[in-house]
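Listed below, chain by chain, are the residues.
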Amino acid sequence: MPLPDLIIRGDRVLLPAETLTGFAAATNVQFSSHTVPAAIHITAGRITAITAYDEIPHGSEVVTAGKDAIVGPGLVDTHVHVNEPGRTNWEGFVTATRAAAAGGVTTIVDMPLNSIPATTSLEGLREKLKAANARCVVDVGFWGGVVPGNTDELPGLLAAGVRGFKCFLIESGVEEFPNVTEEDLRLALPEIARLGTVLIVHAELPGPCRQAALQAPDKPTDYRSFLESRPRAAENEAVELMIRLSREFGSRVHIVHHSSADALPALRQARGLGVQITVETCPHYLFFAAEDIQNGATEFKCCPPIRERENQAKLWDALEDGTIDMIVSDHSPCSPELKGRESGDFMKAWGGISSLQLRLPIIWTALSRRGFSLDHLASWLCRAPAKLVSLDGRKGALAVGLDADVVIWKDDEEFRVEPAMLEHRHKLTPYNGCVLRGTVQQTFLRGRKVYDKGEITIENAGMLLT
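Residues numbered from 1 in each chain as written. Predicted model: local features only at pLDDT ≥ 70, side-chain atom pairs only at ≥ 80, totals over all residues. Heavy atoms only, no water.

Chemist: How should I be thinking about the overall build of the protein chain in this particular structure?
Modeler: Each helix and strand counted, the protein chain has 14 helices and 18 strands in total. A compact globule built from 466 residues should have a C-alpha radius of gyration of about 23 Å, and the protein chain, at 22 Å, falls within 12% of that. Its C-alpha atoms give the protein chain principal-axis dimensions of about 70 × 45 × 45 Å. For the protein chain, the residues scored as buried account for 63% of the 466 residues in total. Sequence-distant contacts in the protein chain: of pairs separated by 6 or more residues, those separated by 24 or more amount to 76%. Total accessible area on the protein chain stands at roughly 17100 Å², and carbon and sulfur atoms take up 49% of it. Averaged over its 47 positive side-chain charges, the protein chain has a centre that lies 1 Å from the centre of its 59 negative ones. (Helix = DSSP H or I, 4+ residues; strand = E, 2+ residues; numbered from the N terminus. Rg over C-alpha atoms; globule rule 2.2 N^0.38 Å. Buried < 20%, exposed > 50% of the residue type's maximum accessible area, 1.4 Å probe, protein only. Contact = heavy atoms within 4.5 Å. Areas by Shrake-Rupley, 256 points an atom, 1.4 Å probe, with all protein chains shown as cover. Lys, Arg positive; Asp, Glu negative; His and termini not counted. Charge placed at Lys NZ, Arg CZ, Asp CG, Glu CD.)

As structure tokens, then:
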């Protein structure tokens, strides 16, 4: 048997819960906190064996993680707005994938909007692939888009390799990606079901927002005014619509960046009845609360908005009981001018939060305070996102046969977020100044080290997952 290309080993290797007990029994080792001493054998970019810590052949190259470090699966982030081509001054493939690698993220899936052209046609996808080719540090997949009148484009886009399709039920903020109505969805969803793919949905309806705007006080720098302009009812009614349509057409639906706790009972009931609907939320909804956001602090603006602390607690409960499946970044940057920090006008500022590089420490900081485990972390940040985009046969866990995507990180080490450490094109983020736990030491993509203690080591290791 040939020598592995590389072995990565550690005292705290984070294996999937369903395999951990069997592995520990087979190797006669003790495990704690969902980690076990182990060695990961890598050949040609894949994991070929997971053995006891000392079970390594003579002559192999070995990377040994420190006793205070976790060896875990590379993170998968299925909600990233790269914005290239067309709005590369907001973010681009080079800067976005550098940020991903620095955050232990080995796979991202790019959203179909904010780039010009949008990924709503084969031509749009070709332009996206051309922009990304040989310029990515980590692996990149792509969502296609559903907009009014493009149902005929969906089969070609799926055949060309998009991971699924996204739509907006409310204005997207860019003219290249108009929102759909129920009438449009009744054309698209039968095709989504026929193709066996998934529709991911920005689930806010415009009616409740328009009604709220008529009643909201004219205080554009007041966060409470902005919050009231995007009421929970907009999400609640949108979720109810998508549950009804998913059930009617038998199509897979996924709710993106969910923030309203009021919709959770309907989602629980629908899932109990077998409706094919999954849900994600984002770090900012779990880490920040509306009560703590200062007036004029437009770096916190996102849509749906960050809601109250009591709402946040229910989101955590929904993660625990499985109503919410995963946590992804919704990294949606723009140029600092569009954030309008100087004016503090929430109504005019671009709605989006930059956090691609920080998802691991944000969530580890928050969930460890609540008594959740490392396995919860791996499920919500790795396995579930990989499954959403049908990459669970390659990504999302440390298991034989999967890509050797590995992150070594220290779970007890704290750091303060400073702009200079961020690889994002623009450094404005609400996390600036926050003290977080969990520092990424090294990131390996298919067995190749792409990040090492503050340095990107390979600029173009990423593949386009089409």
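Chemist: Mind showing me how you'd approach the sheet that holds strand E13 (residues 277–281) here?
Modeler: Backbone hydrogen bonds hold the strands of a sheet together, and the pairing may be parallel or antiparallel. Pairing in this open sheet of six strands is parallel, and the strands run E9-E10-E11-E12-E13-E14 from one edge to the other. The open sheet terminates on both sides in strands that have one partner only, identified here as strand E9 (144–145) and strand E14 (326–327). Bridging between E9 and strand E10 (residues 165–168) involves two bridges; their strand directions are parallel. What sits directly across from Gly145, in E10, is Lys166. (Pairing = 2+ DSSP bridges.)

Chemist: Can you walk me through the nonpolar core in this structure?
Modeler: Across soluble globular proteins, nonpolar side chains have a tendency to be buried as a group. Leu169, Leu199 and Met242 are the most contacted members of the largest nonpolar core, which has 106 residues in total. In terms of nonpolar packing, the next biggest core, distinct from the first, is built from 25 residues, Phe168, Val174, Ala234 and Trp350 among them. (Core = buried A, V, L, I, M, F, W, Y, C linked by side-chain atoms within 4.5 Å.)

Chemist: Explain the pattern of salt bridges to me, please; I cannot follow it from the model alone.
Modeler: Two side chains that carry opposite charge are able to pair once their charged atoms sit near each other. Counted according to the given criterion, the structure contains 37 salt bridges. As a salt-bridge pair, Glu127 and Lys130 come within 3.5 Å of each other at their nearest N and O atoms. Here Glu127 pairs with Lys130, and both are found in helix H3 (residues 122–132), just three residues apart, close to one helical turn. Since its relative accessible area comes to 25%, Glu127 is described here as partly exposed. Here Asp325 and Arg271 are joined by a salt bridge, their closest N and O atoms 2.7 Å apart. Within this pair, whereas Asp325 is found in the loop between helix H11 (309–321) and E14, its partner Arg271 is found in helix H9 (residues 264–272), the two being separated by 54 residues in sequence. Judged by relative accessible area, Arg271 falls into the partly exposed class, the value being 27%. A network of salt bridges, in which partner residues are shared, links Arg46, Asp139, Arg394, Lys395, Asp403, Asp405 and Arg446. (Salt bridge = Lys/Arg side-chain N within 4 Å of Asp/Glu carboxyl O.)

Chemist: Sorry, what's going on with the pairing of E13 here?
Modeler: With four of five residues buried, E13 is to be regarded as a mostly interior element. Summarising the sheet, strand E12 (residues 252–255) and E13 pair through three bridges and their orientation is parallel. The partner of Val253 across the bridge, within E13, is Ile277. In this region the chain leaves E12, passes through H9 and returns to the parallel neighbour E13; the handedness of that crossover is right-handed. Bridge analysis of E13 against E14 gives two bridges, and the strand direction is parallel. Across the sheet, Glu280 pairs through a bridge with Met326, a residue of E14. (Right-handed = clockwise from strand over helix to strand, strands pointing away.)

Chemist: What should I look at first to understand empty space enclosed by the protein in this one?
Modeler: To find leftover empty space, a probe the size of one water molecule is rolled over the atoms. Overall, the coordinates contain three cavities of 30 Å³ or more when judged by the stated rule. In this structure, the largest cavity encloses a volume near 80 Å³. Taken together, 14 residues make up the lining of the largest cavity; nearest its centre are Pro333, Cys334, Lys339, Ser354 and Leu428. Among the residues forming the lining of the largest cavity, the class breakdown is six nonpolar, six polar and two charged. The calculated volume of the second largest cavity comes to roughly 50 Å³. (1 Å grid on protein atoms, 1.4 Å probe; cavity = no way out; pocket = protein on both sides within 12 Å on 5 of 7 lines; lining within 4 Å. Points joined across faces, edges and corners; volume = space filled by probe spheres on them. Nonpolar A, V, L, I, M, F, W, Y, C, P; charged D, E, K, R; others polar.)

Chemist: Can you walk me through the sheet that holds strand E6 (residues 75–80) in this structure?
Modeler: Here we have three strands laid out as an open sheet, ordered E6-E7-E8, and parallel in their pairing. Edge strands, defined here as strands with exactly one partner in the open sheet, are E6 and strand E8 (139–142). Strand-to-strand twist across the sheet, computed as the mean angle between neighbouring axes with direction ignored, equals 20 degrees. With four bridges connecting them, E6 and strand E7 (residues 105–110) associate as parallel partners. Note that in E7 the partner of Asp77 across the bridge is Ile108. (Axes fitted to C-alpha atoms, helices over the stretch in contact; angles between N-to-C directions.)

Chemist: Sorry if this is basic, but what is going on with the environment of Pro361 here?
Modeler: Residue placement: Pro361 occurs in helix H13 (residues 359–369). Take Pro361: its relative accessible area is 3%, and that puts it in the buried class. As a C-alpha pair, Pro361 and Asn236 span 125 residues in sequence and 30 Å in three-dimensional space. Among all residues touching Pro361, those that are not within four sequence positions of it are Phe415, Leu436, Arg437 and Gly438.

Chemist: What is the right way to look at the packing of H13 against helix H14 (residues 374–388) in this model?
Modeler: How two helices sit against one another is set out by the angle between their axes and by the gap between those axes. At their nearest, the axes of H13 and H14 sit 11 Å apart, and the two run at 140 degrees to each other. Considering the angle they form, H13 stands oblique to H14. The interaxial crossing formed by H13 with H14 has right-handed handedness. Contacts between H13 and H14 involve Arg359, Leu360, Ile363, Trp364 and Leu367 on the former and, on the latter, Leu374, Leu377, Trp380 and Leu381. Tallied by class, residues from the contact of H13 with H14 come to eight nonpolar, no polar and one charged. (Parallel < 35°, antiparallel > 145°, perpendicular 65-115°, else oblique. Left-handed = near helix turned anticlockwise from the far one by under 90°.)

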